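Residues per chain are reported as follows:
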Amino acid sequence: MSCPAAPDPSRRTVLATGSALGGSLLASGLHTAQATAADRTEPASSAGDPWLTVLDDADLVWQRMPTTWYEGPFLGNGFLGSGIYAEPGAATTAVRFNIQHSEVQDHRPEFGSLFGLARLPIGYFTLEPVGVITSLDWRLSLHDAELTGTLTTEKGTLALRALVHNDRSVLAVEVTASEGERDFRWVFHPADAISPRAAFKPLPDGYRGNPPARIADHDGITAAVQPLLAGGEHVTAWRERTRGRTRTLYAHVAHSHPKSTVLGQALKAVRRTEQLPYSALALDHRAWWHAYYRKSFLSLPDARIQRFYWIQLYKAAAAARRDAPVMATSGPWLEPTPWPNTWWNLNAQLEYWLIHGSNHLELDAVTRALSEFRDNLAQETPAPYRTDSLGIPRTTDPHLVNGAASALMGYGVGIPGQDPPTPEVGNLTWALHNVWLSHRHTMDRSILRDVLFPLLRKAINYYLHFLEPGPDGKLHLPATFSPEYGADSRDCNYDLMLLSWGCRTLLDSTELLGIKDPLAPRWREVLAKRAPYPTDANGFMIGADIPFAKSHRHYSHLLAIYPLYEVTGRTPEERALIERSLAHWVGFEGALQGYTFTGAASMSALLGKGEDALRYLGELMTRFIKPNTMYQESGPVIETPLSAAQSLHDMVCQSWGGVIRVFPALPAAWQDLTVHDFRTQGAFLLSAVRRGGATRWVRLLSEAGAPCVVRHGIAGPIDVRDGRGRPLRHEDAGDGTVHIALRKGGTALLTARGDRPDLTVVPVRPNEDAPRWGLPRS
């Protein structure tokens with residue numbers, strides 16, 4: 001229903017925090033205070049519910065047959081995943097439904113994380129019509145996390161609905177056939193249980209694949225039992241149920257090690273699910289997804305990018321959950337790849353950045369995994385340092401184990417100043433920056449106390465073993481490796497930048513936790529005496545020994561700019577250094593990849609250059625993003641599209657350095673923009689609206705009572721009011737920045753002085769139409 005106009009903000013508030021449609025915003029457990037009556041409003045209309053509007057608009061469609069994983073629909077719940085496309089070599093006679101699982105892996109550490117601990121392919125079902133396929137019309141509903149549509153053949157039609165159930169972890173595919181297609185069939189094809197890397201690299205000596213799966217019937221339920229040479233098994237169980245003209249396939253995957261104990265579990269999961277008709281099964285599945293989306297809202301006038309953004313939110317929840325393994329390079333959708341495990345020198349970090357601003361900390365597997373498997377991180381450091389140090393290799397399995405280390409089988413942490421193995425030692429500190437972001441965006445003291453501080457202390461301790469005073473009186477690092485430039489360098493910027501951030505964060509943590517740590521003087525000494533970041537006329541170097549002189553996709557030498565925000569352009573000289581470094585980095589064509597452009601977009605956003613940020617995202621979309629928004633290098637990797645969503649966040653809101661910056665880097669074409677419940681550092685929920693190129697209002701809800709400093713972007717004098725419309729104490733700090741006295745649970749509404757704008761949050765109109773993602777008719 002429409003919200004009537006109101007003359008005073010005391011009678012108007014931001015959309016949906018307490019409405020029937022938006023009440024799920026409070027269900028996540030992230031809020032610490034209930035919304036007051038003054039904080040509630042209704043959507044503009046039931047037909048124009050903003051979430052339904054943007055999500056329906058973002059649905060992917062297929063009116064041509066997808067032939068690869070990069071073109072087709074994808075379903076998942078962080079554990080079970082299915083990619084859907086034509087059966088290779090049989091595009092007109094069969095459709096493949098992959099069935100893969102993020103927990104299914106091998107357990108032979110003697111062959112390393114890339115062979116012996118690799119994720120293992122499970123197999124796929126083919127939907128085989130009676131007739132030759134002549135056309136299709138599919139739609140992936142983001143709102144319902146469900147694929148619907150029809151296949152048309154020479155013999156008739158197959159109407160289908162498919163989902164990977166959120167809680168039951170079952171792939172359910174309902175097919176209603178016309179008379180001529182009544183005899184369509186499902187066929188399961190077990191995969192060879194061997195590391196996917198085997199198709200790209202030579203096998204380690206002594207390594208071989210696991211024995212074939214055994215398929216048998218169990219009282220009407222079929223199961224493929226895949227034994228593992230290391231002990232244990234994974235089991236795929238399925239059954240098809242017929243109800244009238246409709247047949248529904250139910251499939252479940254279970255994994256165990258070292259014992260073979262999951263056959264009964266898999267059979268039980270199918271048995272208890274196949275009793276439910278598809279429509280009943282879908283109810284609680286859809287309810288979870290509907291609540292998920294309503295935790296935040298973003299609408300901008302570029303239709304193609306807005307749709308892309310909401311697809312990334314869908315993709316993130318399809319690939320990640322707090323209790324699921326940290327995403328491997330292709331998420332739960334394992335395809336042929338040379339990278340069949342989790343990568344820690346960029347991929348894992350980028351995969352999870354978007355969860356903070358979008359208010360989806362329920363997806364934070366990084367904090368959970370680093371905490372749960374911290375003992376394994378000690379074992380991954382070289383033996384002489386294990387008592388007081390932690391590290392994470394470039395690659396690990398879900399338990400953060402690398403196994404045997406070699407360039408073929410998996411990369412270890414290494415020792416500064418020695419090679420081999422490659423001394424790539426900063427990855428854990430960078431991963432802990434993600435944990436720090438989770439703390440800062442929630443102000444959850446337990447994250448700081450129980451995870452970040454103890455792990456970061458030992459990660460930095462590893463560096464402290466190797467710092468050496470030089471003739472210049474500075475502290476220097478021996479040669480280490482900057483991902484992925486290809487050589488070792490003294491005073492490598494990747495490590496110096498992470499070391500500096502780590503020492504500063506440890507000192508800040510001791511103050512917040514009230515700890516007197518005996519290492520604090522050493523951390524202060526590092527910050528005071530460490531060697532300056534190596535630079536030359538072109539900007540930041542790789543390290544003291546290596547200039548940046550060739551095309552390089554990774555921004556490992558630029559982390560102090562982004563995402564660490566240690567170098568931010570505070571002075572004209574520092575800003576020039578950032579601009580020079582960025583231009584030099586992207587100026588070498590040849591090795592640039594998609595995440596080069598997401599990093600460049602976020603660095604441009606830091607500088608307030610919205611046009612440049614949009615241009616870099618345009619390069620990404622044009623050159624690298626596939627029809628279903630997936631991404632490919634030598635194999636499938638999913639971090640780049642997810643990090644592009646974070647680049648959009650960085651254009652819309654930044655909150656580093658204790659200041660919330662509203663709309664800091666918007667291009668001129670984005671005259672209108674709406675954001676709601678965007679989560680910022682300090683545990684604030686930000687809502688704001690821009691109309692006609694001007695910020696009309698900004699609202700902040702404080703969950704933790706942290707200091708509130710906001711650069712609001714509203715021209716001229718402003719009013720600051722609380723949730724009841726009363727003036728709120730604040731201090732003008734200049735440059736469009738105010739300090740607001742905002743208690744835990746309190747709200748602040750900022751408007752131009754005397755202005756009483758409409759505070760209803762609605763989607764903005766696109767500047768122009770754009771094709772949908774997927775494969776619409778060309």
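Above this text you will find the structure in question.
These lines cover the structure that appears in this document, whether it is placed above or below. (Residues numbered from 1 in each chain as written. Predicted model: local features only at pLDDT ≥ 70, side-chain atom pairs only at ≥ 80, totals over all residues. Heavy atoms only, no water.)

Looking now at the layout of surface pockets. As a volume, the largest pocket reaches approximately 900 Å³. Lining of the largest pocket is provided by 44 residues; of these, Trp 436, Arg 440, Trp 656, Gly 657 and Gln 681 occupy positions nearest its centre. Breaking the lining of the largest pocket down by element, the ones donating at least two residues are α7 (354–357), α10 (427–442), α12 (493–513), α17 (639–652), β24 (653–654), β26 (673–680) and β29 (708–711). If you tally residues by element for the lining of the largest pocket, the top one is α12, at 7 residues. Residues belonging to the lining of the largest pocket are distributed by class as follows: 21 nonpolar, 15 polar and 8 charged. (1 Å grid on protein atoms, 1.4 Å probe; cavity = no way out; pocket = protein on both sides within 12 Å on 5 of 7 lines; lining within 4 Å. Points joined across faces, edges and corners; volume = space filled by probe spheres on them. Helix = DSSP H or I, 4+ residues; strand = E, 2+ residues; numbered from the N terminus. Nonpolar A, V, L, I, M, F, W, Y, C, P; charged D, E, K, R; others polar.)

So, about the environment of Glu 468. Here Glu 468 shows up in strand β18 (residues 468–469). Through-space distance from the C-alpha of Glu 468 to that of Asp 517 is 22 Å; in sequence the pair is 49 residues apart. The residues contacting Glu 468, other than those within four sequence positions of it, are Lys 474, Leu 475, His 476 and Pro 478. (Contact = heavy atoms within 4.5 Å.)

Moving on, we come to the sheet that holds strand β5 (residues 123–128). Spatial ordering of the open sheet is given by β2-β3-β4-β5-β10, a layout of 5 strands whose pairing is antiparallel. Edge positions in the sheet fall to β2 (74–76) and β10 (185–190), since each has one partner strand and no second. Between one strand and the next, the sheet's axes are offset by a mean angle of 20 degrees, whatever the strand orientation. Pairing between β5 and β10: 6 bridges, direction antiparallel. Note on β10: the bridge partner recorded for Gly 123 is Pro 190. (Pairing = 2+ DSSP bridges. Axes fitted to C-alpha atoms, helices over the stretch in contact; angles between N-to-C directions.)

Moving on, we get to the packing of helix α4 (residues 278–293) against helix α5 (residues 303–319). Helix-helix packing is characterised by the crossing angle of the two axes and by the distance between the axes. Relative orientation of the contacting elements α4 and α5 amounts to 130 degrees, with a least axis distance of 11 Å. Classified by the interaxial angle, the pair formed by α4 and α5 is oblique. The interaxial crossing formed by α4 with α5 has right-handed handedness. Note on element contacts: α5 touches α4 through Trp 310, Leu 313, Tyr 314, Ala 316, Ala 317 and Ala 318, opposite Trp 288, Trp 289, Tyr 292 and Tyr 293. Of the residues belonging to the contact of α4 with α5, the class tally is 10 nonpolar, no polar and no charged. (Parallel < 35°, antiparallel > 145°, perpendicular 65-115°, else oblique. Left-handed = near helix turned anticlockwise from the far one by under 90°.)

Before going further, it helps to spend a moment on the side chain of Arg 197. Along the chain, Arg 197 falls in the loop between β10 and β11 (214–218). Comment: no salt bridge for buried Arg 197; closest opposite-charge side chain is Glu 484, at 11 Å. Residues within four places of Arg 197 in sequence aside, it is in contact with Leu 114, Phe 115, Thr 337, Pro 338, Trp 339, Pro 340, Ala 407, Leu 408 and Tyr 411. (Buried < 20%, exposed > 50% of the residue type's maximum accessible area, 1.4 Å probe, protein only. Lys, Arg positive; Asp, Glu negative; His and termini not counted. Salt bridge = Lys/Arg side-chain N within 4 Å of Asp/Glu carboxyl O.)

All right, on to α17 then. Residues that lie three or four places apart on an α-helix share one face, since the helix turns once every 3.6 residues. With 14 residues, α17 ought to run about 20 Å at 1.5 Å a step, and its terminal C-alpha atoms sit 20 Å apart, in line with that. In terms of residue burial, α17 counts as a mostly covered element, since 14 of its 14 residues are buried. (Expected span 1.5 Å × (residues − 1).)

Now for the pattern of salt bridges. Counted under the stated rule, the structure contains 36 salt bridges. Its salt-bridge partner being Glu 128, residue Arg 185 comes within 2.7 Å of it at the nearest N-O pair. Residue Arg 185 is located in strand β10, and its partner Glu 128 is located in strand β5; the two are separated by 57 residues in the primary sequence. Under the relative-accessibility criterion, Glu 128 is labelled buried at 15%. When the shortest N-O distance is used, the salt bridge between Arg 504 and Glu 566 registers 2.0 Å. Pair noted here: Arg 504 is in helix α12 and Glu 566 is in the loop between β23 (539–540) and α14 (572–586), with a separation of 62 residues, a long-range link.

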